[in-house]
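Residues per chain, in single letters:
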Amino acid sequence: MASRAWRDVNFRSGKRMHSFVAAIVVLALVAPCVAHAASDAASADDQAASEPVAPQPESPGRGALKFGTPPAKGEPEGVTPLQTPATPIPSMEAPPTEAPSNPTPPTQAQPSEPAPAQTEPTQAQPTQIPPTETVPVEAPQPQTSPTQTPPAQTTPTQAQPSEPAPAQIQPTQAQPTQIPATETVPAEAPQPQTSPTQTAPTQTLPAQTAPTEAVPAQTPPPIAAPAPAPVSPASAPAAGASPTPAPLPLNASQQAWLGALRAAIAKTQRGDTKGAETDLVAIRADPNFATASVGLQASIDIMLAGCEQANGEVDAAYADMLRAGQSDPAIRSAAYWLSLSVLASTTRRYDIAAVAMAGSVSADTARAAQLDSRLLRDIVNDTHSLKDGEPDRELLLRALDEAHYAPRNGVDIWTVESFWLELFELDVAHGRDADARALLDRIDIPSMIASIRADSRYRRFVEGNPAFSDGAQINERYVANRKTFADAHPRQIGSVAAHAVALMEVGRFVDALALLDDAIARAAPPAASAPHAFDDERENLRWALDDRSHVLWRMGRWDEAIATETQARENAMSAGGDMVSQRINLADLLYLRGKPRDALAELAGVTSETASDYGLLEADEVRVCAAVQLGDQDMLKTSLDRLRSHRDDAPGPLRAALMCADDEAGLAAMIAARLDDPLTRNDELGALQIHLPEPHPTEFEALLAKRFDAVRNRAEVRAAIDKVGFVEPYAFYAPNR
């Protein structure tokens, strides 16, 4: 059977936990914001009790606060380059009526100047207004390397009162396509420091819209806002916020506004997110909302985003998180950028997700070390679906590189090494050979090495280096490195499993099985009160069982393998995690074993509610292969057509489905097309390498392997391979399906 390329192994079948992650990261911001808002309300009460209240005139002509709302899913989003100075972060100003093509920085704001006046909402929900223009802002830049002449610099869009503006590096790559904007510009994200040899990509984010109503000269007095409650360094506000105006007496309307805020805070604290959301929307519609300090306004927006996220309103949550960062630059901490990134990813704003995640990584590298590699992998993968996603992808990968991001668990190693392989490809493409060579030292996975060797663009980087050309040394280093990592993390069953997978891939099945059997036995103590041997059992015991199933399969113990994969599915179910991956893996084994009906039964729980987009396409592979065995032509056509329409989103499942359907011509055409495309070439070359044959294939598995060999040897396929790379035999087994 054809192997999956290394990128296929990185995709997840289960529904990505973006909603769950969003809940966690948004709540991490909501807690201090609730404390901030509560502190403001208490301070206002003290002020009202000690000072006479003089009625304040209402400002004439105030209308609704005009905030742009995000487009519906699938609607084109406006994007402009994003500026991300390190510190301090400039505040966002409304765009001028006519923006010059190369705008000059505004005059530095003085502390004594009033904050920009805003207009007030008249409805519960923000009103969409057509943007009047696109405001270009510079993109965050990765480092450049010492041998390259630094690019021209520009000044940030706005300087902070107390510090000189940091110089920005002018992007040198192709400018992004401008799309009509429909939403506001996110606040600037912190950026990786620029280093001498790298060409900086251009990132884009939505354009900011200007209020459409005139701002009156007179505004109600600001509500006092004392300093927020202390927060951890990881989520501390950035430096450079403007001073808060001195407290002034509150009028009756302002006191009522604060009373509503106290009620919303109480509801938030007891988990009534629906009620709190209603109160917070009403607060923001109150004419006195614009008189609050920018810090309090941002806190309320984040509280509202937390409620909306909890209530399943992710588009609204994204818009309010975006607005919070615009209204108060001081709130743009690493936690803020992480929240914005996850919400952007959840709402399929993949470019913004990558840029904001890069900002989070750069803002706090210590905190970045704790980021889940699977979340990062999802965000990187999503940029491949964008026509112009390379700059966003490089920005995030460069930030991870500069933060010295490293795997925390053995199960993360594959993903982290894939980051360095992608960054290696980008460095080679842009002529940064020294940086590319340095990245190779971090890659030891045999299938990734084979992928590099197979590509004519990269061959010169590995020739003559035994670590990348001597098969025995490649295998030995791989196993030794996984053992070293597992020994350093004795309480991680995921790291034990990674060591076992390395043993399996180099053909040491007995050793791999013994290692897994011992670990799995220790992970399940006989008494409920007995101490557990591993700290990551809830997340990774299912994957240790999954790996044991693959070892047994390659040993020819097919029924035991199926039983173990069933255990993995049950463990996933009991742990409340991603059960879809185990369901699909079990369905794979069942159709290969000649049990198509059982395979289809496993797909009953694989739906758009539980599976990722990639997981749904993997399920279509199972349906095609089961339909062939059952003679169901309707199922075969429906599923195969869907896979063909997503060729580059799931090449591995399509490759397997075409072999099941015995469509040699279709598979040959797919291979030739992907080899011709520089963006998919390396992935396809990796899948075409000759690995050790499966030692104990089932009858159907052997038939598929025979078909793939025939396609690989077709004249048109050989010609396409010879044009761009190589196919060589390797002394290790293909990565797990």
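Parameters at a glance
- Residues numbered from 1 in each chain as written.
- Predicted model: local features only at pLDDT ≥ 70, side-chain atom pairs only at ≥ 80, totals over all residues.
- Heavy atoms only, no water.
- Helix = DSSP H or I, 4+ residues; strand = E, 2+ residues; numbered from the N terminus.
- Buried < 20%, exposed > 50% of the residue type's maximum accessible area, 1.4 Å probe, protein only.
- Contact = heavy atoms within 4.5 Å.
- Areas by Shrake-Rupley, 256 points an atom, 1.4 Å probe, with all protein chains shown as cover.
- Phe/Tyr/Trp six-rings, centres within 6.5 Å; stacked < 30°, edge-to-face > 60°.
- Lys NZ or Arg CZ within 6 Å of the ring centre and 35° of its normal.
- Salt bridge = Lys/Arg side-chain N within 4 Å of Asp/Glu carboxyl O.
- Axes fitted to C-alpha atoms, helices over the stretch in contact; angles between N-to-C directions.
- Parallel < 35°, antiparallel > 145°, perpendicular 65-115°, else oblique.
- Left-handed = near helix turned anticlockwise from the far one by under 90°.
- Nonpolar A, V, L, I, M, F, W, Y, C, P; charged D, E, K, R; others polar.
- Expected span 1.5 Å × (residues − 1).
- pLDDT = per-residue confidence, 0-100.
- Polar contact = N/O pair within 3.5 Å; in protein donor to acceptor, adjacent residues only side chain to side chain.

Along its length, the chain carries 30 helices and two strands. In the chain, buried positions account for 55% of the 737 residues. The long-range share in the chain, meaning contacts at least 24 apart out of those at least 6 apart in sequence, stands at 77%. Roughly 28800 Å² of accessible area belongs to the chain as shown, and the carbon and sulfur atoms make up 56% of that amount.

All right, on to the packing of aromatic side chains then. In the structure shown here, the tally under the stated rule is nine aromatic pairs. Here Tyr336 and Trp337 contribute two aromatic rings whose centre-to-centre distance is 5.2 Å and whose plane-to-plane angle is 75°, an arrangement assigned as edge-to-face. When the ring of Trp553 is compared with that of Trp558, the centres are 6.3 Å apart and the planes differ by 45°; the resulting orientation is tilted. A residue is classified by how much of its surface remains accessible, and Trp558, at 21% relative accessible area, is partly exposed. Taken together through their ring pairs, the aromatic side chains of Tyr405, Phe419 and Trp420 make up a single cluster. One cation-aromatic arrangement involves Arg459 over Phe726; the distance from NZ or CZ to the ring centre is 4.3 Å.

Burial analysis of helix α26 (residues 651-660) places 10 of its 10 residues in the buried class, the great majority of the element. Taken residue by residue, α26 has Pro651, Gly652, Pro653, Leu654, Arg655, Ala656, Ala657, Leu658, Met659 and Cys660 as its buried positions. Of the residues flanking the end of α26, it is Asp662, one or two places downstream, whose phi is positive at about 55°.

A separate point is the pattern of salt bridges. Per the stated rule, a full pass over the model turns up 48 salt bridges. Notably, a salt bridge pairs Glu422 with Arg393, separated by 3.6 Å at the nearest N-O pair. Remark: Arg393 occurs in helix α11 (residues 390-402) and Glu422 occurs in helix α12 (residues 413-429); sequence separation between them is 29 residues. One exposure class covers both Glu422 and Arg393, and it is buried. Of the charged contacts, one joins Arg674 and Asp648 as a salt bridge, the two residues approaching to 2.7 Å between their closest N and O atoms. Of the two residues, Arg674 is situated in helix α27 (residues 664-676) and Asp648 in the loop between α25 (633-644) and α26; the sequence distance between them amounts to 26 residues.

On to the packing of helix α21 (residues 558-575) against helix α22 (residues 580-592), then. For the pair α21 and α22, interaxial distance at closest approach is 9 Å and the crossing angle is 165°. Compared by their axis directions, α21 and α22 come out roughly antiparallel. Classified by chirality, the crossing of α22 by α21 is left-handed. Of the residues in α22, those in contact with Ala561, Ile562, Glu565, Thr566, Ala568, Arg569, Ala572 and Met573 of α21 are Gln582, Arg583, Asn585, Leu586, Leu589 and Leu590. Of the residues that constitute the contact of α21 with α22, the class distribution is eight nonpolar, three polar and three charged.

Okay, the packing of helix α18 (residues 493-505) against helix α19 (residues 509-523) next. Taken N-terminus to C-terminus, the directions of α18 and α19 make an angle of 165°; their axes are 8 Å apart at the nearest point. Judged on the interaxial angle alone, α19 and α18 are roughly antiparallel. For the pair α18 and α19, the sense of crossing is left-handed. Residues Ile493, Val496, Ala497, His499, Ala500, Leu503 and Met504 of α18 form the contact with α19, whose participating residues are Phe509, Asp511, Ala512, Leu515, Leu516, Ala519, Ile520 and Ala523. For the contact of α18 with α19, the residue count by class is 13 nonpolar, one polar and one charged.

With that out of the way, let us pick up unusual backbone geometry. Within the chain, His404 stands out as a residue other than glycine whose phi angle is a positive 55°. Inspection of the secondary structure assignment puts His404 in the loop between α11 and α12. Assessed through its relative accessible area of 68%, His404 is described here as exposed. A positive phi angle, near 55°, is found at Asp662, a position not held by glycine.

Topologically, Glu390 is positioned in helix α11. With relative accessibility at 25%, the residue Glu390 sits in the partly exposed group. Here the alpha-carbon distance between Glu390 and Val380, two residues 10 residues apart in the chain, equals 9.6 Å. Ignoring anything within four residues of it in the chain, the contact list for Glu390 reads Leu426 and His430.

This brings us to α18. The end-to-end C-alpha distance of α18, which contains 13 residues, comes to 18 Å, matching closely the 18 Å that a straight helix rising 1.5 Å per residue would cover. Where burial is concerned, most of α18 is hidden: 13 out of the 13 residues are buried. Looking one or two residues beyond α18, the residue adopting positive phi is Gly507, at roughly 95°.

Next up on the list: the confidence of the model for the chain. Confidence along the chain averages 75 in pLDDT terms, with 65% of residues attaining 70 or more. Residue range residues 1-12 is modelled with pLDDT below 50. Its contacts to residues more than four positions away, or to other chains, number 62 contacts. Within the model, pLDDT remains below 50 along residues 45-187, and this stretch shows 375 contacts once partners closer than five positions in the same chain are excluded.

So, on to the side chain of Ser451. Of note, Ser451 is situated in helix α14 (residues 446-454). A distance of 2.5 Å separates a polar atom in the side chain of Ser451 from a polar atom in the side chain of Asn682.

With that settled, the discussion passes to the side chain of Arg712. Assignment of secondary structure puts Arg712 in helix α29 (residues 699-712). At a separation of 2.5 Å, a polar atom in the side chain of Arg712 contacts the side chain of Asp709. In this structure, Arg712 is in contact with Leu688, Gln689, Ile690, Val717, Arg718 and Val727, ignoring residues within four places of it in sequence.

Along the chain, Ala354 turns up in helix α8 (residues 350-363). The class of Ala354 is buried, set by a relative accessible area of 0%. For the pair Ala354 and Asp392, spaced 38 residues apart in the sequence, the C-alpha separation amounts to 5.7 Å. If sequence neighbours within four positions are ignored, Ala354 has contacts with Ile379, Thr383, Asp392 and Leu396.

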